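A structural walkthrough
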Amino acid sequence: DLGEWIGAGTHSLYNFHPNVRPIPLEIHIQGFDIPHYASRLLAMSKPMYAAIVNHSPNKPAMVVVADRKQARISAFDIMAYAGVEEE
């Protein structure tokens, strides 16, 4: 289970049965073996956008990042890649 993998305790988890989900849940995890934090984050931006376009071209997608700063950076990267793709 994803919740156990991220270290959430049993009191922090609630699992909805697939029959009651309004939108089916698909989980795609892509690992990176770059040890330096800043370099790894830079290397993840283009594959992140490619994964969103590949797995969810016309549906909402959720990207989980470490903190608010990285959320802003990732959002700007997604918008930049989408803008270049439209041109």
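Above this note sits the structure.
So, a few notes on the structure that sits alongside this text. (Residues numbered from 1 in each chain as written. Predicted model: local features only at pLDDT ≥ 70, side-chain atom pairs only at ≥ 80, totals over all residues. Heavy atoms only, no water.)

Describing the overall build of the protein chain
- When you go through the protein chain residue by residue, the secondary structure sums to 3 helices and 0 strands.
- Along the protein chain, helices and strands appear, N-terminal first, in the series α-α-α.
- Its C-alpha atoms give the protein chain a radius of gyration of 15 Å, clearly above 12 Å, the size a compact globule of 87 residues would have.
- For the protein chain, the spread of C-alpha atoms along the principal axes amounts to about 40 × 35 × 20 Å.
- Buried residues in the protein chain amount to 9% of all 87 residues.
- Looking at the protein chain alone, contacts between residues at least 24 apart form 53% of all its contacts between residues at least 6 apart. (Helix = DSSP H or I, 4+ residues; strand = E, 2+ residues; numbered from the N terminus. Rg over C-alpha atoms; globule rule 2.2 N^0.38 Å. Buried < 20%, exposed > 50% of the residue type's maximum accessible area, 1.4 Å probe, protein only. Contact = heavy atoms within 4.5 Å.)

Focus: the environment of Asp 77
- In this structure, Asp 77 sits in helix H3 (residues 68–86).
- Residues Asp 77 and Phe 16, spaced 61 residues apart in sequence, show a C-alpha to C-alpha distance of 32 Å.

Points about helix H2 (residues 37–55)
- In a regular helix each residue adds 1.5 Å, so 19 residues correspond to 27 Å; H2 covers 26 Å between its end C-alpha atoms and thus fits that length.
- The sharpest bend along H2 measures roughly 35 degrees and falls at Ser 45, with the proline Pro 47 sitting one to four residues further on.
- Within H2 the residues assigned to the buried category are Leu 41, Ser 45, Met 48 and Tyr 49.
- The inward-facing, buried residues of H2 abut H3. (Expected span 1.5 Å × (residues − 1). Bend = angle between axes of the 7 residues up to and from the residue.)

Here's the deal with a nonpolar patch on the surface
- On the surface, Leu 2, Trp 5, Ile 6, Leu 25, Ile 27 and Ile 29 cluster together to form a nonpolar patch covering roughly 680 Å² of accessible area.
- Inspection of the secondary structure puts Leu 2 in helix H1 (residues 2–5).
- A residue is classified by how much of its surface remains accessible, and Leu 2, at 35% relative accessible area, is partly exposed. (Patch = residues over 30% accessible without salt bridge, like charges linked within 9 Å, V, L, I, M, F, W, Y side chains within 5 Å. Areas by Shrake-Rupley, 256 points an atom, 1.4 Å probe, with all protein chains shown as cover. Salt bridge = Lys/Arg side-chain N within 4 Å of Asp/Glu carboxyl O.)

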